[in-house]
Amino acid sequence: TSLQELVDAGYQIQLVSLNAEDIIENTLSYHSIQEHIDDAALKAWAKNLSRWRAEPYWYSNESNLLRICLLLTIGGVYLDTDVILVNSLIDLPDNSMSGREGGNFICSAMIFRKPGNLFLAASLNNFVQYYNGRDWGNNGPRVFRRTSVSHSHLICSDANSAMCWLKPLPNSVFQPVHYKSWAK
């Protein structure tokens, strides 16, 4: 299916080319999170972009970086490409995430955020601090797992919590049928 077929069907689709340097600069200047971002570390990391681009998983690492930066500065919804929606996202609580995976680990297949989210700011700091371009999952799923451990105070179990920066949804909402239970 081409994008034109989707546009012809009435979907409003726009492809936008993103520049990592511009996105990082915009993130550094975003006023409501400046005190929560390690500016010096992010700037030092960004100086190595030409080196990072030569790494085998840069396509994925850049996507992970842009996902965090864009959700942090403009908010929105992120869905992995293999997520199939069967219900509306309208009733999701602010700052929700797809749920816990393997017990205490946060799954990042679906993220719904308002701009200025402190959990995402901590995740960006974690991305930069532990960056390893030769390990595919290190800069994606494991960023959120590490952050959920190191910043557990930002995770709430009560949606009415005043400082609710991350609300993991129950696994039954995100994955009503566990993949191991699928019929073959």
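Above: the structure in question.
From a predicted model like this one, the values you see are computed outputs, not experimental measurements.

### Some points on the packing of helix α2 (residues 20–29) against helix α5 (residues 58–74)
Right, so step 1: Interhelical geometry of α2 versus α5 gives an angle of 35 degrees and a closest axis separation of 10 Å. Viewed along their axes, α2 and α5 form a crossing whose handedness is left-handed. Contacts from Ala20, Ile23, Ile24, Asn26 and Thr27 in α2 reach Glu62, Leu65, Leu66, Cys69, Leu70, Leu72 and Thr73 in α5.
Right, so step 2: Taken together, the residues that form the contact of α2 with α5 break down as eight nonpolar, three polar and one charged.

### Focus on the packing of aromatic side chains
Right, so step 1: This structure, assessed with the given rule, holds seven aromatic pairs.
Right, so step 2: Plain terms: the ring middles of Trp45 and Tyr131 are 5.2 Å apart, the flat faces sit at 75 degrees to each other, and that makes the pair edge-to-face. Here Trp45, found in helix α3 (residues 39–46), pairs with Tyr131, found in the loop between α6 (118–129) and α7 (141–150); they are 86 residues apart in sequence, far enough to count as distant.
Right, so step 3: Exposure remark for Trp45: the relative accessible area of 4% places this residue in the buried category.
Right, so step 4: Residue placement shows Arg67 over the ring face of Tyr78; its charged tip is 4.5 Å from the ring centre.

### Some remarks on the nonpolar core
Right, so step 1: The biggest cluster of nonpolar side chains holds 36 residues, and the ones touching the most others in it are Ile24, Ile37, Leu42, Trp45, Leu124, Phe127 and Phe144.
Right, so step 2: Contributing elements (two or more residues each) for this core: α2, α3, α4 (49–52), α5, β3 (105–113), α6 and α7.
Right, so step 3: Ranked by the residues each element gives to this core, the list is headed by α6, at eight residues.
Right, so step 4: Not counting residues up to four positions away in its chain, the partners in contact with Leu124 are Thr27, Ile37, Leu42, Leu65, Ile68, Cys69 and Leu72.

### A few points about the side chain of Asn117
Right, so step 1: Note that Asn117 resides in the loop between β3 and α6.
Right, so step 2: One polar contact links the side chain of Asn117 to the main-chain amide nitrogen of Phe119, over a distance of 2.8 Å.
Right, so step 3: Side-chain polar atoms of Asn117 contact the backbone oxygen of Trp165, separated by 2.7 Å.
Right, so step 4: For Asn117, the residues in contact, after removing those within four places along its chain, are Leu72, Asn95 and Trp165.

### Examining α6
Right, so step 1: Given a rise of 1.5 Å per residue, twelve residues ought to cover 16 Å, and the 16 Å separating the end C-alpha atoms of α6 matches this to within 8%.
Right, so step 2: For α6, the full list of buried residues reads Leu118, Phe119, Leu120, Ala121, Ala122, Ser123, Leu124, Asn126, Phe127 and Val128.
Right, so step 3: Taking the backbone nitrogen of Phe119 as reference, a side-chain oxygen 2.8 Å away marks Asn117 as the first, capping residue of α6.

Calculation notes
- Residues numbered from 1 in each chain as written.
- Predicted model: local features only at pLDDT ≥ 70, side-chain atom pairs only at ≥ 80, totals over all residues.
- Heavy atoms only, no water.
- Axes fitted to C-alpha atoms, helices over the stretch in contact; angles between N-to-C directions.
- Helix = DSSP H or I, 4+ residues; strand = E, 2+ residues; numbered from the N terminus.
- Left-handed = near helix turned anticlockwise from the far one by under 90°.
- Contact = heavy atoms within 4.5 Å.
- Nonpolar A, V, L, I, M, F, W, Y, C, P; charged D, E, K, R; others polar.
- Phe/Tyr/Trp six-rings, centres within 6.5 Å; stacked < 30°, edge-to-face > 60°.
- Buried < 20%, exposed > 50% of the residue type's maximum accessible area, 1.4 Å probe, protein only.
- Lys NZ or Arg CZ within 6 Å of the ring centre and 35° of its normal.
- Core = buried A, V, L, I, M, F, W, Y, C linked by side-chain atoms within 4.5 Å.
- Polar contact = N/O pair within 3.5 Å; in protein donor to acceptor, adjacent residues only side chain to side chain.
- Expected span 1.5 Å × (residues − 1).

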